[in-house]
Amino acid sequence: MHDLLDVAYGRRPADTIIANGVMVNVLTGETYPAEIGISGDRIAAVGPSLERGPSTRIIDARGGYLVPGLIDGHLHIECSKLSVTSFANLAVPFGTTSVVSGLDQILVAEGLPGVRQALDEAAATSMRIWWGAPAKAPYTVPQSTVGHTFGPDEHRVAHEWPECVGIWETVQEMVEHGDPAVMEALELAHRRRLPIFGCAPLSDARRIAGLAAAGIRLDHESYSHEEMLEKLRQGIYAIIRESSVAHFLQENIQVVAKVGARRVAFCTDDVHAADVLAGGHMDKLVRMAIKAGVDPVTAIQMATVNCAEMYRIDDLVGSIAPGRFADVLIVDSLNDFIVREVVAGGRLVARDGAMVTPAVPPARGEVRPFPVREITADDLALRSDADEVTVLTLNFTEQVFVRKRRDVRLPVVDGIVEPSVTDDALLVTVVERYGKTGNMPVAMVSGMGLRKGAIATSAAPDDNNIICVGASRSDMALAVNAVSAMGGGQVIVVDGAVVESLPLPVAGIVSDLPAAEMAVLEERLDEVARSLGCTLPAPLMYLFFLSITAIPDYAVTDLGLVDCVRLEVIDPILTEA
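Residues numbered from 1 in each chain as written. Predicted model: local features only at pLDDT ≥ 70, side-chain atom pairs only at ≥ 80, totals over all residues. Heavy atoms only, no water.

With that settled, consider the UniProt feature "domain: Adenine deaminase C-terminal" (unreviewed entry) in the protein chain. Mapped onto this numbering, the UniProt entry annotates "domain: Adenine deaminase C-terminal" (unreviewed entry) at residues 402–566. Along residues 402–566, the helical share is 22% and the strand share 33%, with 16 Å between the first and last C-alpha atoms. (UniProt positions renumbered as here; feature names shortened; annotations may be inferred. Helix = DSSP H or I, 4+ residues; strand = E, 2+ residues; numbered from the N terminus.)

Structure, rendered in structure tokens:
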């Protein structure tokens, strides 16, 4: 603090000065020439001409615009299948210097110690993680089996951590139905003045009113601009999501034209490495907004200060002003918004789309197989004593990840309901991976289009058990066993052989692979899935969302087929004849 104030008051020269730039002041909406004086990792002064000393480092902006580091307002880092370090090396060159994340997938697999390790890992990179303590983990209703749960007792510990900025992913059903653990967590948050982040897709006015009354401050789950506008009208900040598979920016940016952007920000939620490499991260959303007609400075505000204010971290990030972290981007054109250089914590860390010096991941422990017994095709049989049955399948629709009911009439052969490629009815199982219950229920899914083989993943929010879909029970068994043996990952099996695999050895859900290598392996998996007939835009990503009970109307967890409206486990066999 003393060093920072000495520079701020002009009593000593700055450690670093970013010179010859045009300031984008997101606090006032102005642009004007300015220099940025930095002490350590903080901005000390902003002015037309700052004092230099013999040891002052100069970063020459060469006439570029000086923009605050971008903030992803809601990101599941683990869904990229990249570790914290690998993701930081991917996102920072595109201008993302802060993300808000619950690290909820690490949490259910490794507990609070795993979250602590991830936050410490982030501190060694150029990307800040502002951590939201999950309202409850897992989010599944009824609660599925996980390695570690998270409730009020854990909140009492987590709220003391300096990285904790609020309550993450407060699922609307938990609020509406008064889940006792969530209600207690919200009370703890209110006492500490911590904001509460919602998760309320496809909400109507009645439910939005209830969320606002419960103190939900912001939400990232609007499937239409009308839904987003209703949230804004009832006092909830809105975050526009544009992920690798959930494309809502074009729809929801209409709200900005109607009521302005003051209470609106951006997030990606879930992204593929290949998509970021090809099109950018938060900078891509800024460009999309500008193309949609939003003023460039307004679009930048949505990616910086607006988000920071929502999360009450605007005293630390989101603008170029004294006391904030020295996270500054240099761009040559506000309309094109291509990030040329990135300064994070007062250091030049990226230039022309690449890290100056990539962060190195920490040493990892030994990779161990999951404590799951070897399973066989007989373990994955949907059984009936009838000759014919009607089965409820989870049917993927055109709406992102939404699964609707589709009834299929199937024959029973030797007491087993077999999958039917002809009828688009494939088997799905979720195998409990933590060695607690050994659950592996069987249900059916439509809309994936596989003609043969099986695909499986242990990267599977919200509980990260092993999800497997297949047209063959024997291939499914082999896929599950392969994922378990490698200690986590994704595999595709065809005719009794593993034809493609992606190990995910960190907590069974992420890898330290560089993003470019991850992108190649992801594309190989998706290409094989498409060659087997899968018609979904991102086969493996769609697969791992099958267990999310917050997405209507049906899901499948290690407890079985879940009716997401009635919030109960149901039998996939509807009638027998």
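There's plenty left to go through after this.
Strand order across the open sheet formed by three strands is 28-29-30, with antiparallel pairing between neighbours. Strand pairing shows two members of the sheet lacking a second neighbour, strand 28 (554–557) and strand 30 (568–570), which therefore form its edges. Ignoring which end each strand starts from, the neighbouring axes of this sheet average 45° apart. Bridging between strand 28 and strand 29 (residues 560–563) involves four bridges; their strand directions are antiparallel. Residue pairing across strands places Thr557 opposite Gly560, the latter belonging to strand 29. (Pairing = 2+ DSSP bridges. Axes fitted to C-alpha atoms, helices over the stretch in contact; angles between N-to-C directions.)

Here the focus is the domain arrangement of the protein chain. Here the protein chain is described as being made up of domain 1 (69–317) and domain 2 (377–569). Computed from C-alpha coordinates alone, the two centres of domain 1 and domain 2 are separated by 27 Å. Buried surface at the junction of domain 1 and domain 2, summed over both partners, amounts to about 3,400 Å²; 66% is from carbon and sulfur atoms. For the domain 1 face of the interface with domain 2, the top three residues by lost area are Lys81, Thr145 and Val245, together amounting to 22%. Counting the contacts that link domain 1 with domain 2 gives one salt bridge. Residue Lys81 is joined to Glu522 by a salt bridge in which the shortest nitrogen-to-oxygen separation is 2.8 Å. Counting the contacts that link domain 1 with domain 2 gives 13 residue pairs in polar contact (both at pLDDT 80 or more). When contributions to the side of domain 1 that touches domain 2 are tallied by element, the ones reaching two or more residues are helix 2 (84–91), helix 3 (104–123) and helix 11 (273–279). The dominant element in the side of domain 1 that touches domain 2, judged by the number of residues it contributes, is helix 3, at five residues. (Domains from an automatic or database assignment. Buried area = accessible area lost by both parts, 1.4 Å probe. Salt bridge = Lys/Arg side-chain N within 4 Å of Asp/Glu carboxyl O. Polar contact = N/O pair within 3.5 Å; in protein donor to acceptor, adjacent residues only side chain to side chain.)

Right, let's get into the pairing of strand 8 (residues 128–134). By the criterion of burial, strand 8 is predominantly enclosed, with six of the seven residues buried. Strand direction decides the pairing type here: strand 7 (residues 96–101) and strand 8, joined by four bridges, are parallel. Looking at the pairing, Val100 lines up with Trp130 of strand 8. Bridge count between strand 8 and strand 9 (residues 164–171): four bridges; the pairing is parallel. Within strand 9, the position partnered with Gly132 by the bridge is Gly166. Handedness of the crossover joining strand 8 and strand 9 through helix 4 (residues 152–158) is recorded here as right-handed. (Buried < 20%, exposed > 50% of the residue type's maximum accessible area, 1.4 Å probe, protein only. Right-handed = clockwise from strand over helix to strand, strands pointing away.)

Under the 1.5 Å per step criterion, the end-to-end length of helix 16 (residues 515–531) is 24 Å for 17 residues, consistent within 8% with the ideal 24 Å. Restricting attention to buried positions, one finds in helix 16 the residues Ala515, Met518, Ala519, Leu521, Glu522, Leu525, Asp526, Val528 and Ala529. Elements that come into contact with the buried residues of helix 16 comprise helix 2, helix 11, strand 26 (489–494), strand 27 (497–503) and helix 17 (539–544). Phi turns positive, to about 110°, at Gly533, one or two residues after helix 16. (Expected span 1.5 Å × (residues − 1). Contact = heavy atoms within 4.5 Å.)

Looking now at the nonpolar core. The nonpolar side chains of soluble globular proteins are, as a tendency, buried together. Trp131, Phe266, Met448, Val469 and Leu546 are the most contacted members of the largest nonpolar core, which has 166 residues in total. Counting residues per element, this core draws most heavily on helix 3, which supplies nine residues. Counting the residues that make up this core, at least three belong to each of domain 1 (69–317) and domain 2 (377–569). Counting residues in hydrophobic clusters, the runner-up holds 31 residues, among them Val389, Ala425, Met440 and Ile466. (Core = buried A, V, L, I, M, F, W, Y, C linked by side-chain atoms within 4.5 Å.)

Hydrogen bonds along the backbone pair up the strands of a sheet, which may run parallel or antiparallel. Spatially, the eight strands line up as an open sheet ordered 6-7-8-9-10-11-12-13, and their pairing is parallel. One side of each edge strand has no neighbouring strand; the edge strands of this open sheet are strand 6 (70–72) and strand 13 (264–267). Here the strands of the sheet are splayed against their neighbours by 30° on average, with no regard to which way each runs.

This brings us to empty space enclosed by the protein. Across all of its chains, the model carries four cavities of 30 Å³ or more by this definition. Approximately 230 Å³ is the volume found for the largest cavity. Taken together, 20 residues line the largest cavity, and the ones lying closest to its centre are Glu169, Glu221, Phe545, Ile548 and Ile551. Each residue belonging to the lining of the largest cavity can be placed in one class, and the counts come to twelve nonpolar, two polar and six charged. Per-domain counts for the lining of the largest cavity show at least three residues from each of domain 1 (69–317) and domain 2 (377–569). (1 Å grid on protein atoms, 1.4 Å probe; cavity = no way out; pocket = protein on both sides within 12 Å on 5 of 7 lines; lining within 4 Å. Points joined across faces, edges and corners; volume = space filled by probe spheres on them. Nonpolar A, V, L, I, M, F, W, Y, C, P; charged D, E, K, R; others polar.)

Estimates place the volume of the largest pocket at around 620 Å³. If you trace the largest pocket, you find 32 residues lining it, with Glu110, Pro505, Val506, Ala507 and Gly508 closest to the centre. With seven residues, helix 3 is the single largest residue contributor to the lining of the largest pocket. Class assignment of the residues belonging to the lining of the largest pocket gives a composition of 18 nonpolar, six polar and eight charged. Counting only domains with at least three residues in the lining of the largest pocket, you end up with domain 1 (69–317) and domain 2 (377–569).

Scanning the entire structure with this criterion turns up six aromatic pairs. Judged by centre distance (5.6 Å) and plane angle (70°), the rings of Phe396 and Tyr542 are edge-to-face. Taken together, the residues Phe396 in strand 19 (residues 388–396) and Tyr542 in helix 17 connect sequence positions 146 residues apart. With respect to class, Phe396 is no different from Tyr542; both count as buried. Geometrically, the ring pair formed by Phe544 and Phe545 is tilted, given 5.0 Å between the ring centres and 35° between the ring planes. One aromatic cluster in this structure is built from Trp131, Phe150 and Trp161. Just above the ring of Trp161 sits the side chain of Arg116; from NZ or CZ to the centre is 4.8 Å. (Phe/Tyr/Trp six-rings, centres within 6.5 Å; stacked < 30°, edge-to-face > 60°. Lys NZ or Arg CZ within 6 Å of the ring centre and 35° of its normal.)

This part takes up the UniProt feature "domain: Amidohydrolase-related" (unreviewed entry) in the protein chain. Here the UniProt feature "domain: Amidohydrolase-related" (unreviewed entry) sits at residues 65–349. Its end C-alpha atoms 17 Å apart, residues 65–349 is made of 39% helix and 20% strand.

Moving on, we come to the environment of Pro138. Tracing the chain through its elements places Pro138 in the loop between strand 8 and helix 4. Taking C-alpha positions, Pro138 is 23 Å from Ala212, a pair spaced 74 residues apart along the chain. Setting aside residues no more than four positions away along its own chain, Pro138 makes contact with Val108, Gln143, Ser144, Val146, Thr149, Met174 and Asp462.

It is worth spelling out the pattern of salt bridges at this point. Tallied over the full model, the rule gives 35 salt bridges. Asp327 serves as the salt-bridge partner of Arg128, at 2.9 Å between the closest nitrogen and oxygen. A residue pair is termed long-range when its members are at least 10 positions apart, and Arg128 in strand 8 and Asp327 in the loop between helix 14 (305–310) and strand 14 (328–331) qualify at 199 residues. Residues joined in a network through salt bridges with shared partners are Arg62, Asp332, Arg340, Glu341 and Arg351.

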